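These are the residues of each chain, in order.
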Amino acid sequence: MKIIKAGFSGGGLGRGDGSNLAPDLVVKHLESVYSNEDQKRCVFEIEELVLDEKNIEESHALIEESVSKEDKAIIIGGDHSITYPAVKGFSKNNEDFILIIFDAHPDLMDDFKPPTQEDYLKVLVEEGVVKPENVILVGLRNWDAQEISYLEKKQIRFYTCKEIFEKGIKEITKEIIIKITKPVYLSVDVDVVDPTEAIGTGYLEHGGLSSRELIYALQKIKETNKIGMCDLVEINPEKDVNEMTSILGAKIVGELCDF
Ligand SMILES: [Mn+2]
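First, a word on what this report is: a plain description of the structure on this page.

The rules we used
- Residues numbered from 1 in each chain as written.
- Predicted model: local features only at pLDDT ≥ 70, side-chain atom pairs only at ≥ 80, totals over all residues.
- Helix = DSSP H or I, 4+ residues; strand = E, 2+ residues; numbered from the N terminus.
- Buried ≥ 20, exposed ≤ 12 C-beta atoms within 10 Å, placed from the backbone.
- Contact = placed C-beta atoms within 7 Å.
- Pairing = 2+ DSSP bridges.
- Axes fitted to C-alpha atoms, helices over the stretch in contact; angles between N-to-C directions.
- Expected span 1.5 Å × (residues − 1).
- Core = buried A, V, L, I, M, F, W, Y, C linked by C-beta atoms within 7 Å.
- Right-handed = clockwise from strand over helix to strand, strands pointing away.
- Parallel < 35°, antiparallel > 145°, perpendicular 65-115°, else oblique.
- Left-handed = near helix turned anticlockwise from the far one by under 90°.
- Nonpolar A, V, L, I, M, F, W, Y, C, P; charged D, E, K, R; others polar.

### Things to note about the overall build of the protein chain
Scanning the protein chain from N- to C-terminus turns up nine helices and eight strands. Seen through its C-alpha atoms, the protein chain measures out along the principal axes to roughly 45 × 40 × 35 Å. Here the protein chain, with 259 residues, has 50% of them falling under the buried criterion. Put simply, of all contacts in the protein chain between residues at least 6 apart along the chain, 74% involve residues at least 24 apart.

### Notes on the sheet that holds strand E4 (residues 98–102)
Backbone hydrogen bonds are what pair the strands of a sheet, in a parallel or an antiparallel way. In space, the eight strands of this open sheet follow the order E2-E1-E3-E8-E7-E4-E5-E6, with parallel pairing throughout. Across the chains shown, the open sheet's two edge strands, defined by having one partner strand only, are strand E2 (45–48) and strand E6 (157–160). Neighbour-to-neighbour, the strand axes of the sheet open up by a mean angle of 15 degrees, direction not taken into account.

### Structural notes on the environment of isoleucine 164
Positionally, isoleucine 164 belongs in helix H6 (residues 161–167). Residue classification places isoleucine 164 among the buried residues on the basis of 21 C-beta atoms within 10 Å. Each C-alpha atom of the pair isoleucine 164 and glycine 139 lies 7.5 Å from the other, and the pair is 25 residues apart in sequence. In contact with isoleucine 164, not counting residues within four places along its chain, are Gly139, Tyr159, Ile169, Ile172 and Leu209.

### Some details on helix H9 (residues 244–256)
Note on helix geometry: an α-helix contains 3.6 residues per turn, so any two residues three or four positions apart are oriented the same way. Between the first and last C-alpha of H9 there are 19 Å, a value that for 13 residues agrees with the 18 Å anticipated at 1.5 Å per step. Extensive coverage of H9 is indicated by the burial of 12 of its 13 residues. Among all positions in H9, only Thr245, Ser246, Ile247, Leu248, Gly249, Ala250, Lys251, Ile252, Val253, Gly254, Glu255 and Leu256 are buried. Of the surrounding secondary structure, the elements contacted by the buried residues of H9 are helix H1 (22–30), strand E3 (73–77), strand E7 (184–189), helix H8 (211–222) and strand E8 (227–233).

### Brief notes about the nonpolar core
Ranked by internal contacts, the top residues of the largest apolar core, which has 74 residues, are Ile74, Ile75, Leu99, Ile100 and Val253. Per-element tally for this core: the top contributor is H9, with six residues.

### A word on the pairing of strand E1 (residues 2–6)
Among the five residues of E1, four are classified as buried, and the element is accordingly described as predominantly covered. Pairing analysis gives four bridges linking E1 to E2, with the strands arranged parallel. Paired with isoleucine 4 across the two strands is glutamate 47, which belongs to E2. In terms of handedness, the path from E1 via H1 over to E2 forms a crossover that is right-handed. As judged from the four bridges shared by E1 and E3, these two strands associate in the parallel manner. By the bridge assignment, alanine 6 is partnered in E3 with glycine 77.

### Describing unusual backbone geometry
Residue glycine 77 is joined to glycine 78 through a cis peptide bond whose omega torsion reads 10 degrees. Relative to the helices and strands, glycine 78 is located in the loop between E3 and helix H3 (83–93). Residues other than glycine seldom take positive phi values, yet glutamate 243 does so here, at roughly 60 degrees. Mapping glutamate 243 onto the fold places it in the loop between E8 and H9.

### Observations concerning the packing of helix H7 (residues 169–178) against H8
Between H7 and H8, the least distance of the axes is 10 Å, while the angle of their chain directions is 30 degrees. Between H7 and H8, the crossing angle belongs to the class labelled roughly parallel. For the element pair H7 and H8, the recorded crossing hand is right-handed. Facing H7, whose interface residues are Ile169, Thr173, Ile176 and Ile177, H8 presents Glu213, Tyr216, Ala217, Lys220 and Ile221. Of the residues contributing to the contact of H7 with H8, the split by class is six nonpolar, one polar and two charged.

### Overview of H8
The first and last C-alpha atoms of H8 sit 16 Å apart over 12 residues, in line with the 16 Å expected at 1.5 Å per residue. Those residues of H8 lying buried are Glu213, Leu214, Ile215, Ala217, Leu218, Ile221 and Lys222. Packing partners of the buried residues in H8 comprise E4, H7, E7, E8 and H9.

### Concerning the environment of serine 149
Along the chain, serine 149 falls in helix H5 (residues 145–154). C-beta crowding within 10 Å serves as the criterion here: with 11 such atoms nearby, serine 149 is assigned to the exposed category. Distance in space between the C-alpha atoms of serine 149 and lysine 2 is 38 Å, their sequence separation being 147 residues.

Structural data, given as structure tokens:
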């Protein structure tokens, strides 16, 4: 599996500072991932992007170009703003696709220019890169009023942690898989996981998924053979304890390594 290291935190509005260090640490811990739970040996080919923290436009353009050249890859960020150029790059090769995002937040604040971690999804929808009916958000539990009204206005499907708790992750995963009729771009913001397991991130939101629930959902989505591209974002080594969140990141990448 191709790994694209996109250690960029310049779209993190200051709170993402440190997330640029995540790719090195996640890749370091991949050395301890021998085979995943599907007994697949994980072999990685690493590409490192040289990105300028002070130049969002240029860095995003490099990410977009790099992603557009790949059929399949796992992109390790970086703050969530990198999903903006990565999805744009993916959309060049996939006219119609589904965007599945695991995140505690919808990232639908009013447009900043250029896109940041708080509004990248709104910009993708507003620019028509992804159709709102093709977006699925999983794990939401903190949002601004304007984000709630935008979700309603655009009729974007979302699963809150409350709904996931009520129905159980197996049922929710089944509902998601039924909707997978096209290629998938999968984005995983590590803050979807509860801070007890993923403390190394910018926005701590209690009441999150367990790592097992996330991994189960990812494994099942992988089994559809529809994933084209995925990213893992918002791991912040500067806020981490004993590199635990980076180790979780390596676990996630390992489980996804054979899509
Ligand atoms: Mn988030």
